[in-house]
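# Architecture at a glance
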Amino acid sequence: MENDMRYLPLTDSDRQAMLATIGAASIDDLFVDVPAEARLAGTIPNLPDHASEMAVERHMAALARKNLSAGEAPFFLGAGAYKHHVPASVDHLIQRGEFLTAYTPYQPEIAQGTLQVLFEFQTQVARLLGCDVANASMYDGSTACWEAIVMARRITKRGKALLSSGLHPHYVSVAQTMAKFTGDDLAYETPELDSKTDSQKLIAAIDKDTSCVVVQYPDILGRIEDLTALADAAHAAGALLVAVVTEPVALGAIKAPGAMGADIVVGEGQSIGVGLQFGGPYLGLFACKQKYVRQMPGRLCGETVDAAGKRGFVLTLSTREQHIRREKATSNICTNSGLCALAFSIHMTLLGEKGLRALASLNHAMAVEAADRLAALPGVTLMNDSFFNEFTLVLPKDARDVVRRLADRGVLGGVSLGRLFPTAPQIGNGLVVAVTETVTAEDIDIFAKALEEELA
Amino acid sequence: MENDMRYLPLTDSDRQAMLATIGAASIDDLFVDVPAEARLAGTIPNLPDHASEMAVERHMAALARKNLSAGEAPFFLGAGAYKHHVPASVDHLIQRGEFLTAYTPYQPEIAQGTLQVLFEFQTQVARLLGCDVANASMYDGSTACWEAIVMARRITKRGKALLSSGLHPHYVSVAQTMAKFTGDDLAYETPELDSKTDSQKLIAAIDKDTSCVVVQYPDILGRIEDLTALADAAHAAGALLVAVVTEPVALGAIKAPGAMGADIVVGEGQSIGVGLQFGGPYLGLFACKQKYVRQMPGRLCGETVDAAGKRGFVLTLSTREQHIRREKATSNICTNSGLCALAFSIHMTLLGEKGLRALASLNHAMAVEAADRLAALPGVTLMNDSFFNEFTLVLPKDARDVVRRLADRGVLGGVSLGRLFPTAPQIGNGLVVAVTETVTAEDIDIFAKALEEELA
Amino acid sequence: LEEKLIFEIGSTDTTGVDFAVAPKGENRLGDLARADAIGLPGLSEQETVRHYTRLSRQNYAIDLGLFPLGSCTMKHNPRLNEKVARMPGFADIHPLQPQSTVQGALGVINELAVWLIKLTGMHGVAMTPKAGAHGELCGLLCIRAALEARGDARQVVLVPESAHGTNPATAAFCGYKVEDIPATPDGRVDLEALKARLGPDVAAVMITNPNTCGLFERDMKVISDAVHAAGAFVYCDGANFNAIVGRVRPGDLGVDAMHINLHKTFSTPHGGGGPGSGPVVLSEALAPFGPLPYTARVEDGSIHLIEEENVGEEMPQSFGRMSAFHGQMGMFTRALAYILSHGADGLRQVAEDAVLNANYVLRSLDDVLDAPFGGSGPCMHEALFSDKGLADGFTTLDIAKGLIDEGFHPMTMYFPLVVHGAMLVEPTETESKAALDQFILALRSLAERAKAGDEALKGAPYHAPRRRLDETLAARKPVLSWSEPDLAAAAE
Amino acid sequence: LEEKLIFEIGSTDTTGVDFAVAPKGENRLGDLARADAIGLPGLSEQETVRHYTRLSRQNYAIDLGLFPLGSCTMKHNPRLNEKVARMPGFADIHPLQPQSTVQGALGVINELAVWLIKLTGMHGVAMTPKAGAHGELCGLLCIRAALEARGDARQVVLVPESAHGTNPATAAFCGYKVEDIPATPDGRVDLEALKARLGPDVAAVMITNPNTCGLFERDMKVISDAVHAAGAFVYCDGANFNAIVGRVRPGDLGVDAMHINLHKTFSTPHGGGGPGSGPVVLSEALAPFGPLPYTARVEDGSIHLIEEENVGEEMPQSFGRMSAFHGQMGMFTRALAYILSHGADGLRQVAEDAVLNANYVLRSLDDVLDAPFGGSGPCMHEALFSDKGLADGFTTLDIAKGLIDEGFHPMTMYFPLVVHGAMLVEPTETESKAALDQFILALRSLAERAKAGDEALKGAPYHAPRRRLDETLAARKPVLSWSEPDLAAAAE
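In this report, we go over the structure that sits alongside the text. Computed from a predicted structure; not experimentally measured. (Residues numbered from 1 in each chain as written. Chains lettered and ligands numbered in written order. Predicted model: local features only at pLDDT ≥ 70, side-chain atom pairs only at ≥ 80, totals over all residues. Heavy atoms only, no water.)

All names here are of chain D. The 3 strands lie next to each other as β12-β14-β13, forming an open sheet whose pairing is antiparallel. Two strands close off the open sheet at either side, each with one partner strand: β12 (383-385) and β13 (412-413). Of the strand pairs in this sheet, β12 and strand β14 (residues 423-425) are connected by 3 bridges, and their pairing is antiparallel. Counterpart to Leu384 in the pairing with β14 is Leu424. (Pairing = 2+ DSSP bridges. Helix = DSSP H or I, 4+ residues; strand = E, 2+ residues; numbered from the N terminus.)

Structure below.
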């Protein structure tokens, strides 16, 4: 290259000296094993050459400005991803080079920072979800959910999973995609606009082939209910209860699924520490009862001692994992969502139990305020009897267009059921509205007025 | 307080336990020495109580949005503060807690990070300015300039300083303010709109009472000239030449003042690593000939060895400083601009000589392009024969209003001489225009068109 | 260097956040209010900052030094990319916002997709996979979908012995039977053995190229042709794409699917174990089967999103969704900034410098360390050594742990499995010659000590935050979460 | 822990930046093009990140642990403030932009000014001083200007023995003659001696309150009245404002001018030695003389800037400009965010907790360390000990360096000068009780070792990046910049 490239430290004279050491006449000599017809003579056509930091930053900033960010508008979207305030110290800490640019902690002597964080994270997650043990995180909630179904199959040696109609439709899609190939049998129906869930139906459907019942809590329509009866029914039939939590902040206010009998609790951890990021990276939470720990997928960090007797931490039970077990592994996963788990753990440490409860209670209070205000609009009804920070409104017309028109007015007013369930037009008037601590009274007011005008 | 305060870790039960240890019944008992009439019973009235991080961030963001930031507009301001691209890694590194939250390195055993940076910084600054030694930085360029005048007085034991009319008027004001109290005699006149500087006048004015001649390079109107004759004339009369550099990037393209005979070279380091920040914090550069080092103000870092013989660095020659010498100190200063010096040093390390020269040459080329384009507008003339990245245009009318009206159109089009020299209406048609690597051809085009319309 | 656990220093009464007081109102939680103590300790902001700052200092990281980690490509992470990913227009948008409000985000996905397609010479790219192994899964699902579309229920996937463990695991995870392909003595796939095994039951062959011995599979095109002739597909593990980016396009070699670890070739930060991102480039035969959602630029220049709603008309053969939302957007912004910074010329230089650095290491050390395939021609971006010639009782592990005391991260060890006591060294292109020379010096001295039987080496590391850790104890009696000491004692 | 210098690892041929190629054009540099080699080494971005990351790890910092530094108030630096200061609307605006384009920035200055005035009970505030000592200078200039305005050429400033070194240095720097005021045996200003010295030649008295012995000057109001009666002014050094913020207003005690170190009371980061910021609050008598520029809110709610152009009409008695531009804006945004976070109630709590923590330290250690004014009542936010009772040959320095090995920064030592071997400990309000208990334990053990004459203590620190450094050598043969080794050798 004629100009310097800021990330490449070799100078041309370095290159010459190194070729001499190697005994090669040119760089091309090092690529001799590539078949001649596949060796490109020059740069790939129709792609630009290198650009300065300033130029790249400008280009990316121009793209960023084409998006309406959540902080710029009254914002009420949820349905599996939530806008919460993340303290500035979280992002500061995860950017420390020793965390940001560290490798997977396979060399524990020089990775105790990452490992201790994972051990603390596992404990926090287990306690939050009400389970005995948790792993070091997975890709996201949707893939964790599928891993839970596979794990239930492994434990029960049965192939049929009952998916609640309250399960996030993307999670259902992921499971259906995988089941097409693995042959798992999945029972699922789209939800109805009813304050009651389909728990009774699920209980009735449990049989001797059922590996697990998968239920979301709070569910995709914001409904919450006691899972004890479901757990009891599943256990009576030798099946497991898998609970899915997409809004972990809720567990600062409502009972933990593990405490109601769930055997495996999975979730999307994005709410705590991570931010929206257009859907990723997020982090899958995965916890279960102690007795199932060796059937768990994903990385696990455990306590041990070093040669000098000091407490230390290592990745453990890796005989479950792909790099040891290859095709016999419990999962093909070889990544956790390390930096997101770190952010989750830092945010949770800043909150502590006291802060988490205060956060949850503020979320709920704002949601109640918004629900009452919106339900008072002409033609609008509130579907939920109970909810945490998210509820479903039934509008007098299809909610998809309403949402789009609200966006044109600069209001990001929830997620329409038409977007989530395109094949279920009968519930197309439903609008899922999430209200977190970031929503102000003024935001609610703007939203209510805009919605009223759109419906007029 | 009823609620928690996120920065205060003591709990109420901690407080009770600690009072018990102390043997005090209440916090009020610890304030007994305050005269009763001065002890406030409650919080100070008409001030708000504590606010959440989210609320404070919102408040500050709302204030920030009321400003038109340089990145949002075609931007051509200079006159002592310059917009340059600062690589993202600079800000990343200065935010490392070990730099950001470290104390002044009075305990060298646990401050080698800061100290080595200062040693490297001093070397970089000395080389850039063409001097033997530099200090560890001062408040800013304007105060460094006054410190140089005081230092020249100390060295020459003479009380009259000749200030060039090309010196930044704020720097002149600072010196005049101080001289009112110290009794220093300052000779100064406002500049004329002429491509020639007042060097000949200054040379003629040097006499046996002159402590120093203070000249800016490039000067406030963007003019550059060889300082050798001035230095020779000063030295011949036993006076010093003090050179002031407000745009250090220039020294990647033009001769260093130290190499032309300046005895003391001071400057504003903001251009490299620091950013605009509405005027501060910036950093004063201060360098001089080796023989004057013990007359230098400010902190100095020097090399030494530790008890084990390892190379290390310490603050040194502190017998010049206030915490040792008290009223006999060379200056009252007890702060350097540590974090700004760090940013300067990191940016300079990223640039290196090669990068600095490339940066300077890009600045100059863009400035030439802009100067030619703007000087071609009807009624506009370019005052400068030569310049680096800043030049003065003479408009057919008062430039202050033109600048304000350009701002209303979203163009930040330079600094008017009316703003800089309110008492010199005869040069009010002058407009100082700076053009750095952040200016695009499109920016120049928008500026030129807007200016043409304003002048039409 | 002892940092207590948050459970030992925090309390459930302490918090580092504060909130506005919640407006008083009716509770709508039904009867589900959580009454039990959760057991989550809090710390003040200052204590939190200290805890994590101190913990971080027990890690090694790229920001501290070289990472000679074969097959894992740990290169410099530019800070511009971190800045870009945090722009509110990217970091603070919801995946389900109306499309009109996220055109810039969809634009990033599309622009990155175009680069990946052109750099690999392929036809399409699935952007949603969350990591490399997830990308492998995506590729195999495309292959299965394509086979099923033609009514062909093949059940076997062939994998070379030297493959990454994820290859067989992935194949098994989506229901395939896995069979090994042997290697030749010079470290490459045994072409004849492969040809002999191909047949109507073979769905795909998974190949890593450059392979995990650090060599280019010279016969790649011949292999692809044979696989295609047998009605199967070629999956290429893209972990080593760094060696050839800008110089060789997998599409030209007959590859049908290849995942790209954005954190390897395109330098998104590894973050102590993730998050990753594993887009999969696809051949014309496989592209129609890719997962949802998918982006496409339409005539008016805007970017269009294909998801469940419109998939029927626009992409009817898609195998469906494999994760919620759009993939790892935060990694896309970083990777795109990286790619634009390098450009077509810079990326080509990446491959050249990566290969140059690896050969420099290989030839600077092959006099003291056995290089099993050192005679097979130049290596690509990683240099492979074995433990042959070390003194009795000395192992690759000892050299690896010795590197820690020298201030380096260990190389990849005992992988690939086909070489005894393998040491796989990948310096990457972002290391300077000076850094390589220091590393070579350190490894040379360790090799000499291990050959001379220096017993002290067996105790290494000595200068790390911890000595060697007891992994057996950890696995035998797993302690996976913290308990209050009295509870823990009672449980014994 | 050896990190080479950039001059030893970089080269003038290497750079970590790249730029667009400059358009070719005529050179307008006259004949001044720089031809000589400058000698500035460059590093690639990766090498740069490593160099400074590694160097940073040789520093102690608040983010790592407690800083018991009397009179220097090193408290937690909230990260929100860093984020706020970097908002483009604050970080990326030019000081000479037209006022209409910087109303938010002027608003910050004005809002902070209002807080500072109300918190101190004063009349006005000069925002431009760049640091504490610059603020002192500003205060004294106001006093001189006020005296000159009434034609009164007083030449003497009185300063207590226990004052910070900046006090006499500042007074001297603006042309005053400095005289000491003695202290009473209980560590306070000798009121009678002061009264006796007051006279027509005294321009001002500079007092630190709470004073540097950690005590509140009980007679402050009496002192002020006496000073005013003598026609002089009261300057208060605000370094210790942290002890009383929200509970006591200096204005109520008769103070005429006081600087506020924003990095102390209001937690802007110390940055290894700056930048600071030292606004000066002023009484009604002094406010008209404050420096330019000055902000004022006008009727329409906008903020108006008073500078040279309009000073004649609006503020004719201003003593003029004391630095370019508007002061330390980047510190104002941080301090304002800090103040708003605490609010009036939180700031009061700051003083209470700071004083509580200091008294807790004092009473937890006064059995093993001599507390010279321990009988003079409660201390304020710092606890003062002396070296009395240590074994022969053991000094405050030994205890200070011993603290390093215990993982703490040393306390302030040998200051104030009025106490022999002073150790001044200021824990600040951001330390938890657990952190204090650890610190007390460490200091207790060191005190016991120094009393017992444990010789090992004299070699401390042992566990720091460096052992004790030879400061005499550094001052005797100053090496203040790096030279190429052969040049350096030749110069010997």
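Resuming the write-up.
Below, the discussion takes up the interface of chain A and chain C. Across the boundary between the two partners, chain A contributes 202 residues, which contact 210 residues of chain C. For the pair chain A and chain C, the two sides together bury roughly 17300 Å², of which 63% comes from carbon and sulfur. Taken together, the links from chain A to chain C amount to 15 salt bridges. The partner of Lys401 of chain C in a salt bridge is Glu109 of chain A, with the nearest N and O atoms 2.8 Å apart. At the surface where chain A touches chain C, the tally comes to 100 residue pairs in polar contact (both at pLDDT 80 or more). Its residues assigned to classes, the side of chain A that touches chain C comprises 102 nonpolar, 56 polar and 44 charged. (Contact = heavy atoms within 4.5 Å. Buried area = accessible area lost by both parts, 1.4 Å probe. Salt bridge = Lys/Arg side-chain N within 4 Å of Asp/Glu carboxyl O. Polar contact = N/O pair within 3.5 Å; in protein donor to acceptor, adjacent residues only side chain to side chain. Nonpolar A, V, L, I, M, F, W, Y, C, P; charged D, E, K, R; others polar.)

This part takes up the packing of aromatic side chains. Under the counting rule described, the total for this entry stands at 24 aromatic pairs over all chains. Ring centres 5.9 Å apart and planes at 65° place the aromatic pair Tyr103 of chain B and Tyr106 of chain B in the edge-to-face group. Feature note: the residues Tyr103 and Tyr106 of chain A together with Tyr60 and Phe67 of chain C constitute an aromatic cluster, connected by ring pairs. The lysine or arginine in question, Arg247 of chain D, covers the ring of Phe31 of chain B, its NZ or CZ lying 4.3 Å from the ring centre. Positioned above the aromatic ring of Phe394 of chain D, the side-chain terminus of Lys458 of chain D is 4.8 Å from the ring centre. (Phe/Tyr/Trp six-rings, centres within 6.5 Å; stacked < 30°, edge-to-face > 60°. Lys NZ or Arg CZ within 6 Å of the ring centre and 35° of its normal.)

Attention shifts here to the interface of chain A and chain B. Taken together, the contact between chain A and chain B spans 18 residues of the former and 18 residues of the latter. Of the roughly 1400 Å² buried at the junction of chain A and chain B (both faces included), carbon and sulfur atoms supply 44%. By the criterion of area lost to chain B, the three top residues of chain A are Glu53, Met54 and His85 of chain A, representing 34% of everything that side buries. Joining chain A to chain B, the criterion identifies 2 salt bridges. One salt bridge connects Glu98 of chain A with Arg96 of chain B, and the closest N-O pair in it is separated by 2.8 Å. Linking chain A with chain B are 8 residue pairs in polar contact (both at pLDDT 80 or more), by the criterion used here. Those elements that provide at least two residues to the side of chain A that touches chain B are α2 (53-65), α3 (88-94) and α4 (97-100) of chain A.

What follows is about the relation of the copies chain A and chain B. Superposition of the two copies of the chain requires a rotation about an axis and a shift along the axis. Here chain A sits on chain B after a turn of 180° about the axis and a move of 0.0 Å along it, with an RMSD of 0.0 Å. Such a combination of rotation and displacement between the chain copies is what one expects of a two-fold axis. Residue Arg96 of chain A, judged by its C-alpha, is the member of chain A lying nearest the rotation axis, at 3.5 Å. Both copies contact each other with a shared surface, as 100% of the interface residues of chain A are interface residues in chain B too. (Least-squares fit on C-alpha atoms with pLDDT ≥ 70 in both.)

Residues and elements named next belong to chain D. Residue placement: Leu262 occurs in helix α10 (residues 262-265). For Leu262, a relative accessible area of 0% puts it in the buried group. The spatial distance from the C-alpha of Leu262 to the C-alpha of Gly276 is 6.9 Å, given a sequence separation of 14 residues. Leave out the neighbours within four places in its chain, and Leu262 touches Leu112, Ser267, Thr268, Ser277, Pro279, Met331, Phe332 and Ala335. (Buried < 20%, exposed > 50% of the residue type's maximum accessible area, 1.4 Å probe, protein only.)

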